[in-house]
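# Overview (structure and organization)
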Amino acid sequence: MGTPRRAGALIIMPAWNEAEAIGDTIRQVNAVVPEHDILVVDDGSRDETARIAADAGAAVLRLPFNLGVGGAMRAGFKYALRNGYSRVIQVDADGQHDPHDIDRVLAGLAEADISIGARFAGRGTYDAKGPRRWAMVALAKVISAVARSKLTDVTSGFRAANQRALYQYMDHFPAEYLGDTIDSLVVAIKSGCRVVQVPVEMKARQAGTPSHSPWKATVYLARSGLVLCFALARPRSKPQSAASLPKSGDIAGERGATL
């Protein structure tokens, strides 16, 4: 593995058409944890997300078209490894993740390779009901058994990874639906990564409207079950080495991003 060159962590924000919220989110994060760097991966946005993020002080990778959260995060992981970061944390661009919890989630890496900011672990008032909640509970029970550790929120996107997990992600971090949470987590566990969770609180979205309905919740239940089955069937991943990392300029949009 490469030698880490950065003292702080890299905060990766995948963003797709988040012009309304991204600026305030970056400023709030910078005010709370200025020792960490922020990288916004603009996932093919059609609005002013990239410009507003850069104006707010973040480095920006601009993907040529929308790849989804999984694809955006994979680009961010490549950037982190090539630039010497030993820790990364994913933070939502819409402002729902509390900046005060960032260091708490990162602290979980002292005893594990992946640290999950869990919404259902005794802090805050976040709740999910109906089929969506049933799916979350079932997924948590199955993946807890695989991890041999109690996990209550395996679909949380508020998670941190150390260098070992990053190299594992480079070999397998899917872009499919729920792949960035369930699939990537299961394969990482099967490949030897240890996982812990840290209780966090969720904030209200700074902009936009969440899309929840009984029909969408039912679809979520069915699709999450399929994703879990595919994840459990995947073979153990073989992490890449430092020699296989992309060279400067090989990551989409990297030439314009400086930290």
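Residues numbered from 1 in each chain as written. Predicted model: local features only at pLDDT ≥ 70, side-chain atom pairs only at ≥ 80, totals over all residues. Heavy atoms only, no water.

### Things to note about helix H6 (residues 163-171)
Selection criterion: The buried label goes to any residue with under 20% of its type's maximum accessible area, the exposed label to any with over 50%, and the partly exposed label to all in between, with areas taken from a 1.4 Å probe on protein chains only. The numbering of helices and of strands both runs from the N terminus, where a helix is a DSSP run of H or I of at least 4 residues and a strand a run of E of at least 2.
Of all 9 residues in H6, 7 are buried; the element is thus mostly enclosed. For H6, the full list of buried residues reads Gln163, Ala165, Leu166, Tyr167, Gln168, Tyr169 and Met170.

### Observations regarding the pattern of salt bridges
Note the cut-off: Note on definitions: salt bridges are taken to be side-chain nitrogens of Lys or Arg within 4 Å of carboxyl oxygens of Asp or Glu.
Within this structure, the stated rule accounts for 7 salt bridges. The closest approach of N and O atoms between Arg62 and Asp42, which form a salt bridge, is 3.5 Å. Placement of Arg62 in strand S3 (residues 59-63) and of Asp42 in strand S2 (residues 37-43) is noted, with a sequence separation of 20 residues between them. The closest approach of N and O atoms between Glu48 and Arg51, which form a salt bridge, is 2.8 Å.

### So, empty space enclosed by the protein
The criterion, for reference: Points on a 1 Å grid, built from protein atoms alone, make a cavity when a 1.4 Å probe fits but cannot get out and make a pocket when they are open with protein on both sides within 12 Å along at least 5 of 7 lines; residues with an atom within 4 Å of a point are the lining residues. Grid points are joined across faces, edges and corners, and a volume is the space filled by probe spheres set on the points. Classification used: nonpolar for Ala, Val, Leu, Ile, Met, Phe, Trp, Tyr, Cys and Pro, charged for Asp, Glu, Lys and Arg, polar for all others including Gly.
Taken as a whole, this structure holds 1 cavity of 30 Å³ or more when the rule is applied. In this structure, the largest cavity encloses a volume near 70 Å³. Met73, Phe77, Val88, Ile89, Gln90, Ile114, Arg159, Ala160, Ala161, Tyr169 and Phe173 together form the lining of the largest cavity. Secondary-structure elements contributing two or more residues to the lining of the largest cavity are helix H3 (68-82), strand S4 (87-90) and strand S6 (159-162). Per-class residue counts for the lining of the largest cavity are 9 nonpolar, 1 polar and 1 charged.

### Details of the sheet that holds S3
As a reminder, the rule being used: Here, any two strands with at least 2 DSSP bridges between them count as paired. Fitted lines through C-alpha atoms serve as axes, helices being fitted only where they are in contact, and the angles separating the N-to-C directions of these axes extend from 0 to 180 degrees. Note on contacts: a residue pair is in contact if any heavy atoms of the two residues lie within 4.5 Å.
Spatially, S3-S2-S1-S4-S6-S5-S7 is the arrangement adopted by the 7 strands of the open sheet, whose pairing is mixed. In the strand order of this sheet, the two ends are held by S3 and strand S7 (195-199), each with one partner. Geometrically, the sheet is characterised by an average inter-axis angle of 20° between neighbouring strands, direction not taken into account. Both strand S1 (residues 10-15) and S4 contribute to a ladder of 3 bridges, which runs parallel. What sits directly across from Ile11, in S4, is Ile89. Strands in contact with helix H1 (residues 22-32) are S1 and S2; relative to S1, the strand with the most contacts, it is inclined by about 170°.

### What to know about the environment of Ala31
Mapped onto the elements, Ala31 comes out in helix H1. As a C-alpha pair, Ala31 and Pro99 span 68 residues in sequence and 8.7 Å in three-dimensional space.

### Considering the environment of Ser45
For clarity, the cut-off: Here a polar contact is taken to be a pair of N or O atoms separated by no more than 3.5 Å, where protein atoms must pair a possible hydrogen donor with a possible acceptor and residues adjacent in sequence count only if both atoms sit in side chains.
Relative to the helices and strands, Ser45 is located in the loop between S2 and helix H2 (49-55). Relative accessible area serves as the criterion here: at 12%, Ser45 is assigned to the buried category. Among residues more than four places away in sequence, those in contact with Ser45 are Ala15, Trp16 and Asn17. Here Ala15 takes part through its backbone oxygen, which lies 3.5 Å from a polar atom of the side chain of Ser45. Within the local environment of Ser45, its side chain forms a polar contact with the side chain of Asp42, the two groups lying 2.5 Å apart.

### Considerations on the nonpolar core
Using the following cut-off: In plain words, nonpolar cores are sets of buried Ala, Val, Leu, Ile, Met, Phe, Trp, Tyr and Cys residues tied together by side-chain atoms within 4.5 Å.
By size, the foremost hydrophobic cluster in this structure holds 39 residues, and its most contacted members are Leu10, Phe77, Val88, Ile114, Ile143, Tyr169 and Leu185. At 7 residues, the largest contribution of residues to this core is made by H3. If we skip the residues at most four places from it in the chain, Phe77 touches Ile12, Val88, Leu166, Tyr169, Met170 and Phe173. Among the nonpolar cores identified, the runner-up in size contains 25 residues, and Ile26, Val33, Val40 and Ile102 belong to it.

### Description of the pairing of strand S5 (residues 114-118)
Summarising burial for S5: 5 of the 5 residues are buried, a large majority. Alternating positions in S5 separate into two faces, Ile114, Ile116 and Ala118 on one and Ser115 and Gly117 on the other, with burial throughout. In this structure, S5 lies alongside S6, joined through 3 bridges in antiparallel fashion. Looking across to S6, one finds that Ser115 is bridged to Ala160. Sheet topology note: the S5/S7 ladder contains 5 bridges and is parallel. By the bridge assignment, Ala118 is partnered in S7 with Pro199.

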